[in-house]
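Fold and geometry: a report
The residues making up each chain are set out below.
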Amino acid sequence: MQFTPLAIPEVLLMTPRVFEDERGYFLESYRQSVFEQHASLPHFVQDNMSWSRKNVLRGLHYQLNPAAQGKLVHCAVGEILDVAVDIRVDSPSYGRWVSARLDDRAHAMLYVPPGFAHGFVVLSEQALVHYKTTGEYAPHLEAGIRWDDATLAIEWGVDCPIVSEKDQHLPGFAEAPNNFFQVVAPSGCWMTCPTW
């Protein structure tokens, strides 16, 4: 597994080694010890899967503290543009976003840490997206930001995305609920903490 930090270094692109032959392919998508060695990632406690057709855009979603989730996103079928937005209010990259194309050829995965809003748009005819989360779903702490917020100006690469009714009514970046900020832990590492 190759671990590559993106422009916001807490967001990691992970590319596995794919073994292919005439029968098909095999890859190792997750091994806890390897992830702990290279990325100090927390434990994952829930797996989710979604199927979507072309131009479907899901996001931007996150959960507030104390139920914040990190996500390890993998596109098992098709291709997506996966986006992470830093919503940690005192982070140097607050309000910035990064993206990566995930597909069923390279099988790269994106780790989106707690303190980031997450969304994706489907670029292929269909996509099956699987992601692991570091926290369980907590509907009372679910939050989101409008996908087309002018402040963020995310380049989704799709002219007329298909967006759910719920996501169409999410607040803008400035109005969205947020209880994330960063502190430096004694080890010198950054961590995301609640604001209370």
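Quick summary incoming for the structure in this document. Each chain has its residues counted from 1, following the order in which its sequence is written. In keeping with the model being predicted, local features are shown solely for residues with a pLDDT of at least 70 and side-chain atom pairs are shown and tallied solely at 80 or more, while totals for entire chains, interfaces and linings include all residues. The basis for every side-chain value is the complete set of non-hydrogen atoms in the structure, without hydrogens or water.

**Here's the deal with the environment of Ser-99**
Only DSSP runs of H or I reaching four residues or more are called helices, and only runs of E reaching two or more are called strands; each is numbered from the N terminus. Along the polypeptide, Ser-99 turns up in strand E9 (residues 97–103). Measuring from C-alpha to C-alpha, the distance between Ser-99 and Leu-81 comes to 6.6 Å, with 18 residues separating the pair along the chain. Beyond its immediate chain neighbours, meaning those up to four positions away, Ser-99 contacts Leu-6, Leu-81, Asp-82 and Val-83. Contact definition: two residues touch when any of their heavy atoms are within 4.5 Å.

**Observations regarding the pattern of salt bridges**
Opposite charge on two side chains permits them to pair, given that their charged atoms come into close proximity. A side-chain nitrogen of Lys or Arg and a carboxyl oxygen of Asp or Glu constitute a salt bridge if their distance falls within 4 Å. Summed over the entire model, instances satisfying the criterion amount to 12 salt bridges. A salt bridge links Arg-31 to Glu-28; the shortest N-O distance between them is 3.0 Å. Between Arg-88 and Asp-86 there is a salt bridge, with its nearest N and O atoms 2.7 Å apart. Neither Arg-88 nor Asp-86 differs from the other in exposure class; each is buried. Here the residues in one salt-bridge network are Glu-79, Arg-101, Asp-103, Asp-104 and Arg-105, joined through shared partners. The buried label goes to any residue with under 20% of its type's maximum accessible area, the exposed label to any with over 50%, and the partly exposed label to all in between, with areas taken from a 1.4 Å probe on protein chains only.

**Regarding the nonpolar core**
Take the buried residues of types Ala, Val, Leu, Ile, Met, Phe, Trp, Tyr and Cys, join any two whose side-chain atoms come within 4.5 Å, and each joined set is a nonpolar core. Counting 26 residues, the largest nonpolar core has Leu-60, Tyr-62, Val-85, Ile-87, Ile-145 and Trp-156 as its most contacted members. Elements supplying a minimum of two residues to this core: strand E6 (56–63), strand E8 (79–86) and strand E11 (116–122). Core analysis: the next-biggest nonpolar cluster, separate from the first, contains 21 residues, Ile-8, Val-56, Val-98 and Leu-110 among them.

**Quick notes on unusual backbone geometry**
In this structure, the amide linkage connecting Gly-59 to the following residue, Leu-60, adopts the cis form with an omega of 5°. With respect to the helices, strands and loops of the structure, Leu-60 is situated in strand E6. Going from Asn-65 to Pro-66, the amide bond is cis rather than trans, its omega being 10°. As for its position among the elements, Pro-66 is in the loop between E6 and strand E7 (71–77). Located in the positive-phi region is Asn-55, a residue other than glycine, with phi close to 75°. Structurally, Asn-55 can be placed in the loop between strand E5 (46–53) and E6. With a relative accessible area of 25%, Asn-55 lands in the partly exposed category.

**Observations regarding empty space enclosed by the protein**
Residues are said to line a cavity or pocket when one of their atoms sits within 4 Å of a point; the points come from a 1 Å grid over protein atoms alone, cavities being sets where a 1.4 Å probe fits but cannot get out and pockets being open sets with protein on both sides within 12 Å along at least five of seven lines. Grid points are joined across faces, edges and corners, and a volume is the space filled by probe spheres set on the points. Going through the model one piece at a time under the given rule, you end up with one cavity of 30 Å³ or more. When its volume is computed, the largest cavity comes out at roughly 50 Å³. Lining the largest cavity we find His-61, Tyr-62, Gln-63, Gln-69, Lys-71, Val-112, Pro-113, Pro-114, Gly-115, Phe-116 and His-118. Per element, the largest residue contribution to the lining of the largest cavity is three residues, and it comes from E6. Amino acid classes used here: Ala, Val, Leu, Ile, Met, Phe, Trp, Tyr, Cys and Pro are nonpolar; Asp, Glu, Lys and Arg are charged; the rest, including Gly, are polar. Each residue belonging to the lining of the largest cavity can be placed in one class, and the counts come to five nonpolar, five polar and one charged.

**Digging into the side chain of Asp-103**
Topologically, Asp-103 is positioned in strand E9. Setting aside its immediate chain neighbours within four residues, Asp-103 contacts Cys-75, Gly-78, Glu-79 and Ala-108.

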